[in-house]
Amino acid sequence: MQINVLDIIEGTSVDGPGLRTAIYLAGCTHGCKGCHNPQSWDENGGNPTSLETLIQIVKGNDFDVTISGGDPFLHPEQLAELCRHIKTQTGKNIWCYTGYTWQQICNSAKLSEPLKWIDVVVDGPFIEALRNPELLFRGSSNQRLIDVSKSLSTGTISEWLNPFE
Ligand code: SF4
């Protein structure tokens, strides 16, 4: 499987807690006004990269993992495969950013497939009017840091609790 990858940063601290390997996937259709990275919208952008290469990079350090974009949920089958391999082969904590809301993901069998392997979803489009640079790990106040397993087991959104606060 080839995945169009815009960038990979090993050791970032801005896309989730601790140091993480951030993988940015190409393609997004949300068109948020004020998007920080409109160059990421083209799903044919970036470099086609094999699943094996991505797994080797993730395995090559002690960092947890964040998948961002673009919107990684634009290709949910790819995302599910990537997250499944990372989780089953490394057990690492996985955060994933998306422009879809939690409700949209849960209402779609296709979109919800990757949730099996993701620990935290940062959901929703960037809304310029709600932009707040003080927010932790997100750009606008509509976006939530959602604890996936707790939210799925209780049926209500459970936000990620920062263990360092
Ligand atoms: S979801 Fe993210 S990448 Fe997509 S348009 Fe909105 S801010 Fe930009």
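So, how was this worked out
Residues numbered from 1 in each chain as written. Predicted model: local features only at pLDDT ≥ 70, side-chain atom pairs only at ≥ 80, totals over all residues. Heavy atoms only, no water. 1 Å grid on protein atoms, 1.4 Å probe; cavity = no way out; pocket = protein on both sides within 12 Å on 5 of 7 lines; lining within 4 Å. Points joined across faces, edges and corners; volume = space filled by probe spheres on them. Nonpolar A, V, L, I, M, F, W, Y, C, P; charged D, E, K, R; others polar. Pairing = 2+ DSSP bridges. Helix = DSSP H or I, 4+ residues; strand = E, 2+ residues; numbered from the N terminus. Axes fitted to C-alpha atoms, helices over the stretch in contact; angles between N-to-C directions. Contact = heavy atoms within 4.5 Å.

Draft legend 1. Spatial organisation of the layout of surface pockets. Estimates place the volume of the largest pocket at around 790 Å³. Residue lining of the largest pocket: 36 residues in total, with His 36, Ser 68, Tyr 97, Gly 139 and Gln 143 positioned closest to the centre. Residue composition of the lining of the largest pocket, by class: 15 nonpolar, 15 polar and 6 charged.

Draft legend 2. Spotlight on the sheet that holds strand S5 (residues 94-97). On the basis of which strands lie adjacent, the open sheet formed by 7 strands has the order S3-S1-S2-S4-S5-S6-S7 and mixed pairing. A strand with exactly one partner marks an edge of an open sheet, and here the two such strands are strand S3 (47-50) and strand S7 (144-147). Recorded for the sheet is a direction-independent mean angle of 30° between the axes of neighbouring strands. Bridging between strand S4 (residues 64-68) and S5 involves 3 bridges; their strand directions are parallel. Bridging from a neighbouring strand, Val 65 pairs with Ile 94 of S5. The strands touched by helix H1 (residues 51-59) within the sheet are strand S1 (2-12), strand S2 (20-25), S3 and S4, with S3 carrying the most contacts at an inclination of about 75°. Packed onto the sheet, helix H2 (residues 76-90) meets S1, S2, S4 and S5 and runs at close to 175° relative to S4.

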